[in-house]
Amino acid sequence: MITRFHIENFKSLVNFTLPPDDPDVDSGLPPTGRELGGFTCLIGLNGSGKSTLLQAFDFIAHIATGKVKDWLGRRDWKKGELVSHFGKKTPVIIFTIGLRTTVGTVVEWTARFNTTSLKCTAETITSAGKDILKLEEGRLTVAGAPGVPEQRYEKVPWEYEGAVMSSLKMVDADPGIAEMKTALAHLCSLELLSPQLMRRKARAAQDIGAGGEKLSPFLDQLQSTAKTNLYALLCPFYPQLETWNVRGYRAGWKSLRIKESYPDSGMIETGHINDGFLRVIAILAQAQSPHQFLLFDEIENGINPALVEKLMDFLVGLGQQGKQVVVTTHSPMILNFLDDQVARDSVILLYKTPAGKTLSCRYFDQPETSQKLKALGPGEVFVDTDLTKLVERLSGSASPAVTKEEV
Ligand SMILES: Nc1ncnc2c1ncn2[C@@H]1O[C@H](COP(=O)(O)OP(=O)(O)O)[C@@H](O)[C@H]1O
Ligand SMILES: [Mg+2]
């Protein structure tokens, strides 16, 4: 489980931490111990930084796996565009990511990434507070696996892109390093999910691709029980679905097809499947994917409101099954399907300061919302609260806060 994320100088994330480090509203105590949960819902006005935050997670994952150039290429971005327009404009992005491992230890990776060389120039990985990897002024120290001595180098002896761990031989190193890399390799950002790309024929794939371009081969390689489970998950969304399968073409090309249960209905080729179905099958298929940390931008896009509750149940459920899910939304309906406590813990408001920097806070811990939540559902509170005014107050560009008594 990813517990914490801090990043500096990435686009509008000048000095940003998730989860927010605001005090708990009821006790007034500092938020020590409040870790990122299984489900997180990001809300905020247009341009507040929701997509940027998903991009930041994806960016860190590609640093860990040494694929930053590919990542930039896929997005058609230049490396100079990564740093913030605000602040010192240095080509350095600093970040920390915390992970609770399978045995309960906290592993933290802190790095300075240089956007010119596309490499980390300083890195520390700690496990339970002890350094297990350190890159400092060119020197590298890596703690050994049990029974293996520590490795020390005056200069990193291998070529690497992104993080040194991307090319590190894991068998000889402390297992905490591999846990961090694996967790980040299992991060999957579906923020570019596009029905147009999902309709493409594609060849062999272990995952559906950032835009969903490998949906068909991904579905095809699932085990038969996983395929049956996916069909069962799909039925409540599309009761008219009779079957789905993947058709193979010459040279390994694959394409999804479905059949509906209308009389005389034929196979519907991928080019004619509706957008909502493609998005839903792509999302539901994640239950069968190796990804542990899933990011979905504007989750409600293209999906009929009548199906949103089912989708939310599914995503919150994934969070309870040990995966972690982060979604962004503009829809108050999404919030209505959350329990009050889940809403309090998981709904994070992103907003910008007058200088354009993205900050975050727990939406239902604000004086404008926390009292209302006692009487109204989370979505009703969202509809009843003027987001622009709330953001003006938080960003310091408006009159002082409404007190609890006034609400
Ligand atoms: N390099 C940068 N430095 C500072 N701000 C940036 C940079 N690049 C983009 N932005 C700003 O960050 C905003 C955040 O956009 P985005 O994350 O897409 O918002 P949302 O998804 O919440 O609608 C953009 O609208 C833009 O104003
Ligand atoms: Mg966005």
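The present account deals with the structure reproduced in this document. (Residues numbered from 1 in each chain as written. Chains lettered and ligands numbered in written order. Predicted model: local features only at pLDDT ≥ 70, side-chain atom pairs only at ≥ 80, totals over all residues. Heavy atoms only, no water.)

**Describing the site of ligand 1**
Lining the immediate surroundings of ligand 1 are 16 residues, of which Gly 47, Lys 50, Ser 51, Thr 52 and His 85 lie closest. One nitrogen or oxygen atom from the side chain of Ser 51 is found 2.9 Å from an oxygen atom belonging to ligand 1. A distance of 3.0 Å is found between a nitrogen atom of ligand 1 and a backbone nitrogen or oxygen belonging to Val 83. For the shell around ligand 1, the element with the most residues is helix α1 (residues 50-64), which contributes three residues. Across the shell around ligand 1, the residue classes break down as three nonpolar, nine polar and four charged. (Near = heavy atom within 4 Å. Polar contact = N/O pair within 3.5 Å; in protein donor to acceptor, adjacent residues only side chain to side chain. Helix = DSSP H or I, 4+ residues; strand = E, 2+ residues; numbered from the N terminus. Nonpolar A, V, L, I, M, F, W, Y, C, P; charged D, E, K, R; others polar.)

**Topic: the packing of helix α6 (residues 224-234) against helix α7 (residues 275-284)**
Packing of α6 against α7 brings their axes to within 10 Å, and their N-to-C directions diverge by 130 degrees. Here α7 runs oblique to α6, going by the angle between their axes. In the packing of α6 onto α7, the handedness of the crossing is right-handed. Contacts from Leu 230, Leu 233 and Leu 234 of α6 reach α7 at Phe 277, Val 280, Ile 281 and Leu 284. (Axes fitted to C-alpha atoms, helices over the stretch in contact; angles between N-to-C directions. Parallel < 35°, antiparallel > 145°, perpendicular 65-115°, else oblique. Left-handed = near helix turned anticlockwise from the far one by under 90°. Contact = heavy atoms within 4.5 Å.)

**A closer look at the state of the cysteines**
Summed over all chains, the structure comprises zero disulfides. Its sulfur unpaired, Cys 188 is 18 Å from the next cysteine sulfur, which belongs to Cys 41. Here Cys 361 stays free of any disulfide, with the sulfur of Cys 41 as its closest cysteine sulfur at 13 Å. Cys 361 sits in the buried class, given a relative accessible area of 5%. (Disulfide = S-S within 2.5 Å. Buried < 20%, exposed > 50% of the residue type's maximum accessible area, 1.4 Å probe, protein only.)

**What about helix α13 (residues 387-394)?**
Looking only at α13, the buried set comprises Leu 387, Leu 390, Val 391, Arg 393 and Leu 394. Along the axis of α13, the buried residues cluster in a sector spanning 160 degrees; they form a single face. On its buried face, α13 sits against β16 (347-352), β17 (358-362), α11 (367-370) and α12 (378-384). In this structure Asp 386 caps α13, since a side-chain oxygen of it lies 3.0 Å from the backbone nitrogen of Thr 388. Two residues or fewer past α13, Gly 396 is found with a positive phi of approximately 80 degrees. (Arc of directions from axis to C-beta.)

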